[in-house]
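# Survey of secondary and tertiary structure
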Protein chains: 2
Amino acid sequence: MLSKNQLKLLHSLRLGKFREQHQLFIVEGIKMVDELIMSDFQVHTIYGLGDWYSSRSQKLTERKIDFHEISEDELHKASSLVTPNAVLAVAAIPDASLPTKGKTGDLVILLDQIQDPGNLGTIIRTADWFGVRYIICSPGTVDSYNPKVVQATMGSIFRVKVIYHELQDFIDTIAGTHQVAGAFLDGEDIRSALIALPAAVIIGNESKGISKEIDRLVQQRVRIPSFSVTAESLNASVAAGILCWEYRRRG
Amino acid sequence: MLSKNQLKLLHSLRLGKFREQHQLFIVEGIKMVDELIMSDFQVHTIYGLGDWYSSRSQKLTERKIDFHEISEDELHKASSLVTPNAVLAVAAIPDASLPTKGKTGDLVILLDQIQDPGNLGTIIRTADWFGVRYIICSPGTVDSYNPKVVQATMGSIFRVKVIYHELQDFIDTIAGTHQVAGAFLDGEDIRSALIALPAAVIIGNESKGISKEIDRLVQQRVRIPSFSVTAESLNASVAAGILCWEYRRRG
């Protein structure tokens with residue numbers, strides 16, 4: 001059963017202001033909820049079909065997770081997916097503070113006002129692949145607990161720490177240990193640029209790029225060269241992927 | 001003015017079966033419509049605000065493009081975007097046939113059942129950046145004239161030719177000239193793999209990867225190595241971007 005109040009909470013969590021108020025977010029689908037349960041995130045409630053529950057009941061009981069069986073119909077009402085997948089969980093947004101200098105890892109991603117949820121989710125997933133432990137987002141970046149971001153991470157949201165903070169402060173913290181690199185359309189060709197770990201790589205907004213205030217702090221302005229006379233730019237998450245790859249490959 | 005029939009046509013073109021029936025698709029927003037007008041695609045009709053028209057009237061008249069002025073309200077009704085942007089065009093789906101062996105270019109992308117519109121759009125955009133002229137899609141791949149795909153290409157849909165055809169046929173055509181490479185989670189580390197142009201790079205379905213029938217035809221099974229013990233896979237469009245980059249970088 002899904003009460004009116006429960007449904008109201010689930011729907012409200014699609015919006016940032018209610019996620020902030022309740023400090024909760026939504027995780028959907030079998031794979032994602034399994035990853036949530038295995039993670040160190042705190043599970044608030046799980047709503048799922050009976051079939052899903054029967055194969056997980058022991059684990060849920062062990063971990064004292066609050067489970068509510070719902071019908072297919074209720075799942076459709078609760079879900080924001082076109083094809084909901086058996087289960088939906090509410091989880092607590094963890095505390096997030098800037099890592100100390102020694103804990104950042106040798107490769108950090110900094111996002112300056114990324115707006116598209118799919119891009120942020122894909123960047124979190126890519127970061128996980130390339131062993132990036134922290135992503136620092138400028139305050140104007142899309143919320144990492146937006147349902148579209150969460151789903152696009154394919155579970156990496158539970159492993160990579162995403163922290164919202166003024167980029168300038170963080171850059172000050174890592175000054176002297178990490179090379180601060182940024183992706184620019186007029187940067188130096190990455191093939192000849194002297195890139196080296198430890199590094200912090202900045203990816204800018206989808207249409208405006210890296211803001212002026214942050215540009216001033218960049219030590220290494222790099223560019224992924226184009227092999228076409230007509231193309232204008234790469235997608236932000238593809239650019240982030242190629243840059244992470246270059247650092248790791250040469251690393 | 002936007003008639004009921006015009007609105008009905010615009011809405012119907014969100015669905016593949018009507019795009020196929022009419023051989024038309026939708027292009028939205030100032031930048032995209034400008035790219036359409038400059039391209040060699042045939043424009044069927046443009047619906048836009050008066051302000052938009054006044055700055056383009058000469059160009060539209062010269063090219064004998066059928067323009068209808070609509071109100072903000074009508075634009076919102078017609079658009080599939082949350083924030084419509086001044087103009088919306090209907091364009092003809094061009095004829096598409098497999099390139100002859102000499103016309104494929106030195107780098108071709110083959111897509112085996114890519115399902116996510118955002119991924120396909122991003123791959124088309126990435127292909128444009130890396131000088132890929134043709135993308136060959138297996139018949140089960142999402143439609144490249146799906147509005148979400150079109151918008152995600154950022155205009156590259158007008159430059160890169162996307163052709164739906166059995167991949168096997170195309171691979172037969174390029175046999176002997178192009179190295180046929182595919183992205184696999186258990187492939188050879190791309191750092192040591194002997195990759196070389198001309199090449200055809202195959203990207204598989206988001207969850208199932210490259211299908212068995214196509215796997216048999218792959219000469220070079222490559223993998224982008226992970227630098228993490230927890231991550232499971234890369235997003236398909238990020239993987240495509242890194243592979244295109246590797247081919248171009250090593251040249």
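Above this text sits the structure in question.
Structural notes, computed from the coordinates. Keep in mind that what you see is a predicted model, and the values were worked out from it rather than measured.

A few words now on the sheet that holds strand 8 (residues 179–189) of chain B. Residues and elements named next belong to chain B. One open sheet accounts for six strands, arranged 7-6-5-9-8-10; its pairing is parallel. Each edge of the sheet is formed by a strand with only one pairing partner; in this case those strands are strand 7 (161–164) and strand 10 (220–223). Averaged over neighbouring strand pairs, the angle between their axes works out to 30° when direction is ignored. Sheet topology places strand 5 (residues 107–112) next to strand 9 (residues 199–204); six bridges connect them, and they run parallel. Within strand 9, the position partnered with Ile-109 by the bridge is Val-201. Most of the contacts of helix 10 (residues 236–250) go to strand 9, to which it runs at about 165°, and overall it touches strand 5, strand 8 and strand 9.

By a widely used convention, the size of an interface equals the accessible area lost when the partners come together. Across the contact, 28 residues belong to chain A and 28 residues belong to chain B. If one sorts the elements of the side of chain A that touches chain B by residue count, helix 10 (residues 236–250) of chain A sits on top with seven residues.

Our focus in this paragraph is the sheet that holds strand 2 (residues 43–48) of chain B. Residue and element names in this part refer to chain B. Across the sheet, which stays open at both edges, the four strands sit in the order 1-4-2-3 with mixed pairing between neighbours. The open sheet has two free edges, formed respectively by strand 1 (24–28) and strand 3 (67–69), since each of these has just one partner strand. Sheet twist, expressed as the mean angle between neighbouring strand axes with direction ignored, is 15°. With five bridges connecting them, strand 1 and strand 4 (residues 87–92) associate as antiparallel partners. Considered in strand 4, the bridge of Phe-25 is made with Ala-91. Across the sheet, helix 4 (residues 50–62) is in contact with strand 2, strand 3 and strand 4; its angle to strand 3 comes to roughly 160°.

Here A:Leu197 and A:Pro198 are connected by a cis peptide whose omega angle stands at -10°. Position of A:Pro198 relative to the elements: it lies in the loop between strand 8 (179–189) and strand 9 (199–204). A positive phi angle, close to 55°, is found at B:Met154, a residue other than glycine. Residue placement: B:Met154 occurs in the loop between helix 7 (147–152) and strand 7.

Reading guide: rules and limits
Residues numbered from 1 in each chain as written. Chains lettered and ligands numbered in written order. Predicted model: local features only at pLDDT ≥ 70, side-chain atom pairs only at ≥ 80, totals over all residues. Pairing = 2+ DSSP bridges. Helix = DSSP H or I, 4+ residues; strand = E, 2+ residues; numbered from the N terminus. Axes fitted to C-alpha atoms, helices over the stretch in contact; angles between N-to-C directions. Contact = placed C-beta atoms within 7 Å.

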